[in-house]
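So the chains spell out like this:
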Amino acid sequence: MLYLECYPLDSKLKPLSFFVYKAEVIEPRGAVLKSVLNSAVRRLNHSTGYGAGYFACADENFVYTRKEVAPEHLSCDYRGAGKTYIYRLLPQGEKLLPFAHADIYAAYFKQRVTLKLLSKRFMNKRTKKEEAFYFLRDGHLLSKFLLDPQKGIWVEKISPENIQLLRQYDFQFDIRTDGSGYLCLNTRSQYESTETLYDMIKKNTGRTESVLQMKVKYDCPLLGPMWGTIVPQSESTDKDFSKSTTAYLFDYFRKKYGSTRRTEAFLATIPQDDYVVFMRKNNTDTAFAVLSSLLRPSMTQEYVAGRDAGFLKSIGILTKRKMNVRLQLDKHFLEDIGVLPDSDGVKVSPYPTKAIDLGYQEKRLTPPELVIGGGRVISCEPKAKNAIFGPSGYFSPAPILDNHLRIGLVCTDTFDADTFIRKLGPYLKMPKSYKPVVFHDFGTKKDLTSSLMEIRDRNFDVLIVAMPDDGFVGYNLYNEMKNCLAELGIPSQMLNLHTAKRIIGGDPYSAMNIVMGCLGKLGGIPYVIREMPGNVDLFVGLDVGTLRTGTHYPGCSVCLDAHGGVMGCYQPLLPQPGEKINEQTLEKIFNTILLKFEEKNHRCVRSMVIHRDGFSNENLEWYDRYFHQNNIDYTLVEVRKSGALRLADNRIQGNNPNIGSVLYRGDSEAILVTTSPIGKMGAPAPIHLFKVAGALDIETITKQTVVYNFKQPLHQTELRPARL
């Protein structure tokens, strides 16, 4: 039985009284805009502190609070989208709020619980001081204390490179109209530098150039988070450098946010000798002056791996947690919450909720059957690779010149290249005497580009690159190598030294994976799907990429036929604002796809499934009209890869759910497990599917999704599930 990482309240809440204020725009006249209403709430909470508790209802022009609004806060202005709005709040009196206002109650209890958690104190064994267990950052609740699942104790993890591991607690309440409710919880790992740029510059005797080109996070509690890159002063957008002083930036904050208690408390945390640096905001051409104490290095997992791969490996037990470990931490968190504030004794139950109690139906989908050479049918299991490399062979072999594969190998000078290639030989059907051309030493970025240009001139069929485990040789080798190889048109197969050593040691499955990757990139097709549910000709993935703030590039991320054949992708270079793909671009995308299908199959598309990444904001009438004109049956599905609650199989043991585990609710919603960390640490993150339009039922849609996740159509390198 499946359970959701969602916890019920142990009893019903009682209605609470709120002061109600109607929001009204004075100038320009008109309806209250959502952005203006949200601005009113932000300003009220900023001027009176986080604990004040002002909430706006998205569907109504009202502000709710448990405290009366002071007269000086009843009118204000809001600047946005090049306009200035002047608005006021009109008192409507104190009212007992029904639970139909579920979003207000959910926001209120989240805020009250957050305040309660922020008051928890904990004795830090490292510093021998009592400290706050939780803290707020960018609106998220975090803690630097992590539960070690093996020792059962709370620990801190800081690397010699001043990288600290944090635990982020994302939670929200789901309040029902009868006063019952649930707390939905998701915990994740974050990384943070214990040093600001101020600390780093001070170590370098005040040389601000020591942090140039560093990727940073701007961490200002008044403005919210921003990410960017440190650039020279000459690249600043504002050439009035009199504004580039600490004193000027202090005055800027006071003018923008007022000399409130909160503003002054914030400014008191900034060193008087702070340094001014210039940051270019990500995806924009805007560069501006900022205080260095408000900046920290941007801590992505890639950055951490490059700076301290050993640290990343040592904390694996804390970052990659199976469901039973996640549920164990959840219980500690719920104990910290205890009784909900203003709830008359209501607590959150420590036991996760049965999926069926939230209206879901549970099923288990089976993996697909595959067809290899000679029409032989095999199961979708790792051991089935033996059949692919046996007498039956590939469904469609790679077109190799003179039946002889020319391989280049890039590796370190200590790598046993001859043994490595000899172990791959039986699966590549290469003579035992074959000697690869080996290139040693990755060098600098400039050396790398020069070496790869030389490699291109040698006309290899494929280049195998055995990289250091952390992929870092003074720069990110994987990214640089992939970018250069793509530009030079060289097919490549990357692997780390850990995998290479397994192959040298005789692991057949690792060797098969690498060979399938090589042959797949040369046009070989090891297997195809035997039968696709739903009688569909074509699967199309739609997404929108952001190259700069406010500018989006829509495109077809991948296009597949019913047997898993890749038909390529299409990216029209038509920038547009927002996440909604305009109709002109949609028509260009689908016209191209239909023509490619007709060229390849010598017939027209009869049916199509469209997977829209995230939310489908496009006009459904356009889809209906376009596909009706082309005599095509279509189904549109939203695929949300984040936000779905994690699942546990068995409440007591908290096992990871199996791949293909699915929950259905109604005829248009499903939560589907598409990954399986079998033999690895971690718990699968399910995807959320929503059928938006079309004739296919939601069960058929999930079966198709599982088939493609087992097949891994883009590379066809492994018989194990991939992330959608």
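As a starting point, this report considers the structure included with it.

What about the sheet that holds strand S2 (residues 6-8)?
Here comes step 1: The five strands lie next to each other as S2-S15-S14-S11-S10, forming an open sheet whose pairing is antiparallel. Single-partner strands in this sheet number two, and they are S2 and strand S10 (135-137). Here the average twist between neighbouring strands, direction ignored, is 40 degrees.
Here comes step 2: By the bridge criterion, three bridges tie S2 to strand S15 (residues 181-193) in an arrangement that is antiparallel. Along S15, the bridge assignment pairs Pro-8 with Tyr-182.
Here comes step 3: The sheet contacts of helix H2 (residues 102-118) involve S10, strand S11 (140-143) and strand S14 (163-175), and relative to S14 the element is tilted by about 145 degrees.
Here comes step 4: Each of S2, S11, S14 and S15 is contacted by helix H9 (residues 323-337), which is oriented at about 105 degrees to S15, the strand it contacts most.

Looking at a nonpolar patch on the surface
Here comes step 1: A grouping of Leu-223, Tyr-248 and Tyr-252 is seen on the molecular surface, where their side chains present a nonpolar patch of about 240 Å² in accessible area.
Here comes step 2: Along the chain, the position of Leu-223 falls in the loop between strand S16 (215-220) and strand S17 (224-231).

A short note on the side chain of Asn-124
Here comes step 1: Relative to the helices and strands, Asn-124 resides in strand S8 (residues 121-124).
Here comes step 2: A residue is classified by how much of its surface remains accessible, and Asn-124, at 2% relative accessible area, is buried.
Here comes step 3: Within the structure, Asn-124 has its side chain in polar contact with the side chain of Glu-131 (distance 3.2 Å).
Here comes step 4: Contacts of Asn-124, omitting those with residues within four sequence positions, involve Lys-129, Glu-131, Lys-144, Phe-145 and Glu-156.

Section: H9
What sets the pattern is the α-helix's 3.6 residues per turn: residues three or four places apart point alike.
Here comes step 1: Here H9 contains 15 residues, and its C-alpha end-to-end distance of 21 Å stays within 8% of the 21 Å for a straight helix at 1.5 Å per residue.
Here comes step 2: Within H9 the residues assigned to the buried category are Met-323, Val-325, Arg-326, Leu-327, Leu-329, Asp-330, Phe-333, Leu-334 and Ile-337.
Here comes step 3: Positive backbone phi, at 60 degrees, marks Gly-338, one or two positions downstream of H9.

Things to note about the packing of aromatic side chains
Here comes step 1: One pass over the structure, following the stated rule, counts 31 aromatic pairs.
Here comes step 2: Relative to Tyr-105, the ring of Phe-99 lies with its centre 4.6 Å away and its plane at 40 degrees, an arrangement referred to as tilted. You'll find Phe-99 and Tyr-105 in the same group, each marked buried.

Some points on the pairing of strand S25 (residues 407-411)
Here comes step 1: Burial runs high along S25: five of the five residues are buried.
Here comes step 2: Across the two faces of S25 the burial is the same, with Ile-407, Leu-409 and Cys-411 and Gly-408 and Val-410 all buried.
Here comes step 3: Where S25 and strand S27 (residues 462-467) come together, four bridges link them in parallel fashion. Looking at S27, one finds that Val-410 is bridged to Val-465.

Quick notes on the pattern of salt bridges
Here comes step 1: Enumeration according to the criterion identifies 29 salt bridges in this entry.
Here comes step 2: A salt bridge links Lys-14 to Asp-344, with the shortest nitrogen-to-oxygen separation between them at 2.9 Å. Of this pair, Lys-14 sits in the loop between S2 and strand S3 (16-27) while Asp-344 sits in the loop between H9 and strand S21 (353-354), and the two are 330 residues apart along the sequence. Asp-344 carries the same exposure label as Lys-14, and that label is exposed.
Here comes step 3: Among the ionic pairs, Arg-88 bridges to Glu-24, the shortest N-O distance being 2.6 Å. Note that Arg-88 is positioned in strand S7 (residues 83-97) and Glu-24 in strand S3, a separation of 64 residues in sequence.
Here comes step 4: Of the residues examined, Arg-88 reaches a relative accessible area of 35% and is grouped as partly exposed.
Here comes step 5: Residues participating in the shared-partner salt-bridge network are Arg-126, Glu-131, Lys-144 and Glu-156.

Here we look at the nonpolar core
Here comes step 1: By size, the foremost hydrophobic cluster in this structure holds 40 residues, and its most contacted members are Phe-173, Phe-333 and Leu-340.
Here comes step 2: Breaking this core down by element, the ones donating at least two residues are S3, H2, S14, S15 and H9.
Here comes step 3: Looking at this core, the element that brings in the most residues is H2, giving seven residues.
Here comes step 4: Those residues in contact with Phe-173, other than ones at most four positions away along the chain, are Leu-9, Ala-106, Phe-109, Lys-110, Val-113, Tyr-182, Leu-183 and Leu-340.
Here comes step 5: Counting residues in hydrophobic clusters, the runner-up holds 34 residues, among them Ile-407, Phe-415, Val-462 and Leu-519.

With respect to the sheet that holds strand S23 (residues 370-371)
Here comes step 1: Pairing within the open sheet is antiparallel, and its three strands lie in the order S24-S23-S29. Looking at strand neighbours, the two that pair on one side only are strand S24 (377-378) and strand S29 (528-529), the edges of this open sheet.
Here comes step 2: Sheet analysis places S23 next to S29, joined by two bridges and oriented antiparallel. The partner of Val-371 across the bridge, within S29, is Val-528.

Considering helix H13 (residues 477-488)
Here comes step 1: For H13, built from twelve residues, the straight-helix expectation of 16 Å at 1.5 Å per residue is met to within 8% by its first-to-last C-alpha distance of 16 Å.
Here comes step 2: For H13, every residue scored as buried is listed here: Leu-477, Met-481, Cys-484, Leu-485 and Leu-488. The arc that holds the buried residues of H13, viewed along the axis, is 95 degrees, so those residues lie on one side. In H13, the exposed positions angled more than 90 degrees off the buried face are occupied by Ala-486 and Glu-487.
Here comes step 3: Positive backbone phi, at 70 degrees, marks Gly-489, one or two positions downstream of H13.

Basis of the calculations
- Residues numbered from 1 in each chain as written.
- Predicted model: local features only at pLDDT ≥ 70, side-chain atom pairs only at ≥ 80, totals over all residues.
- Heavy atoms only, no water.
- Pairing = 2+ DSSP bridges.
- Helix = DSSP H or I, 4+ residues; strand = E, 2+ residues; numbered from the N terminus.
- Axes fitted to C-alpha atoms, helices over the stretch in contact; angles between N-to-C directions.
- Contact = heavy atoms within 4.5 Å.
- Patch = residues over 30% accessible without salt bridge, like charges linked within 9 Å, V, L, I, M, F, W, Y side chains within 5 Å.
- Areas by Shrake-Rupley, 256 points an atom, 1.4 Å probe, with all protein chains shown as cover.
- Salt bridge = Lys/Arg side-chain N within 4 Å of Asp/Glu carboxyl O.
- Buried < 20%, exposed > 50% of the residue type's maximum accessible area, 1.4 Å probe, protein only.
- Polar contact = N/O pair within 3.5 Å; in protein donor to acceptor, adjacent residues only side chain to side chain.
- Expected span 1.5 Å × (residues − 1).
- Phe/Tyr/Trp six-rings, centres within 6.5 Å; stacked < 30°, edge-to-face > 60°.
- Core = buried A, V, L, I, M, F, W, Y, C linked by side-chain atoms within 4.5 Å.
- Arc of directions from axis to C-beta.

Honestly, that's just the spatial picture; any functional story needs more than this.
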